[in-house]
Amino acid sequence: MRRTVRRLLTATLAAGLGGAALMTLANASAGVQRLSAGPGQLSSPQLIAEGRQLYQEGCASCHGLDAGGIPGKAPDLHRAGAGAADFYLSTGRMPLDNPGDQPVRTKPRYSGQRIDALVAYIGSLGGPPIPKVDPSLGNLSQGMQAFTDHCAGCHQVAARGGIVTGAFAPSLVDATPTQVAEAVRVGPYVMPKFNRRLIDDRTLNSIARYVQLTQNPVDEGGWGIGHIGPVPEGMVAWLMGLAAVLLVARLIGERTE
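Residues numbered from 1 in each chain as written. Predicted model: local features only at pLDDT ≥ 70, side-chain atom pairs only at ≥ 80, totals over all residues. Heavy atoms only, no water.

Q: In this structure, what is going on with the nonpolar core? I would like to understand it.
A: Looking at soluble globular proteins, one finds that nonpolar side chains tend to be buried together. Grouped together as the largest cluster of nonpolar side chains are 20 residues, with contacts concentrated most on Y55, L118, V119 and I122. Among the elements of the structure, helix 2 (45-58), helix 4 (82-90) and helix 5 (112-123) are those that each provide at least two residues to this core. Core analysis: the next-biggest nonpolar cluster, separate from the first, contains 18 residues, V133, C151, V180 and V184 among them. (Core = buried A, V, L, I, M, F, W, Y, C linked by side-chain atoms within 4.5 Å. Buried < 20%, exposed > 50% of the residue type's maximum accessible area, 1.4 Å probe, protein only. Helix = DSSP H or I, 4+ residues; strand = E, 2+ residues; numbered from the N terminus.)

Q: I tried to follow the packing of helix 4 against helix 5 on my own but got confused; where do I start?
A: Axis angle and axis distance: for two packed helices, these are the angle between their axes and the distance between the axes, and together they describe the pair. Where helix 4 contacts helix 5, the axes come no closer than 8 Å and their chain directions differ by 150°. Judged by the inter-axis angle, helix 4 sits roughly antiparallel to helix 5. In the packing of helix 4 onto helix 5, the handedness of the crossing is right-handed. From helix 4, A82, A85, D86, L89 and S90 reach across to helix 5, where they touch I115, L118, V119, I122 and G123. (Axes fitted to C-alpha atoms, helices over the stretch in contact; angles between N-to-C directions. Parallel < 35°, antiparallel > 145°, perpendicular 65-115°, else oblique. Left-handed = near helix turned anticlockwise from the far one by under 90°. Contact = heavy atoms within 4.5 Å.)

Q: What is the right way to look at the environment of K107 in this model?
A: Residue position: K107 is located in the loop between helix 4 and helix 5. The exposure class assigned to K107 is exposed, which follows from its relative accessible area of 71%. Sequence separation between K107 and S90 is 17 residues; the distance between their C-alpha atoms is 8.4 Å.

Q: Whenever I open this one, the packing of aromatic side chains confuses me. Can you help?
A: What the rule picks out here adds up to three aromatic pairs. Taking the centre distance of 5.5 Å and the plane angle of 80° together, the rings of F87 and Y88 count as edge-to-face. As far as the burial class goes, F87 and Y88 line up, both buried. (Phe/Tyr/Trp six-rings, centres within 6.5 Å; stacked < 30°, edge-to-face > 60°.)

Q: Looking at this structure, how should I read the pattern of salt bridges?
A: Charged atoms that come close allow side chains of opposite charge to pair. Enumeration over the complete set of coordinates arrives at three salt bridges. A salt bridge links D97 to R109; the shortest N-O distance between them is 2.9 Å. Of this pair, D97 sits in the loop between helix 4 and helix 5 while R109 sits in the loop between helix 4 and helix 5; the two residues are 12 residues apart in sequence, bridging distant segments of the chain. The partner of D201 in a salt bridge is R196, with the nearest N and O atoms 3.2 Å apart. Among the charged side chains, a salt-bridge network with shared partners connects R185, R196 and D201. (Salt bridge = Lys/Arg side-chain N within 4 Å of Asp/Glu carboxyl O.)

Right under this line is the structure:
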């Protein structure tokens, strides 16, 4: 009898230890997955449900209850992807007060946790995820060349923004590397979308690194003039030079009656 009880206790203890080990391994795996996931890329059922509730409250009036869009008001969000949702929400470009306005960068309407929930819900509808980018893996000179080729026509080579047909290109002074990568892959508003054939991941890392440099440029031996870009800086230099010439002419000239 005692042997039977002992065997039962041993089997029960072994089963308990085995279950605890399995739970520990499962929790460890979940922890690794959470740590390896980027912002807004966690897609647990609870987070998606929270995001759907937030969507119904703040987005459905324009994009529709089923996120299918409303013609003439807002687009279908199916296949839009987590990358697009994270870009527009983290930069405060969405939601808009007036659907006809250009989305511009402003203070985000939602907290980081709520943005993650909304991104998880929109991401569950399909589409590209949040792109991974690491500026430290990029090459600065290649980034400048790629930015000059693909981006400077609208954003200026100093990444301070400019005017394009029907809109204006924003300054990138506050853009994070992830937001730069999202904009490249998503093509927000009138900006074209660049796939990996046009801009591969290594070049994207280099572009993000160059944008970081423009946010904190080195002005040794010169005057940045607010880093407003080479064209307006040139105009300021010409105007100052013209004023100096007029002043010198005034000082050395002779007055005649």
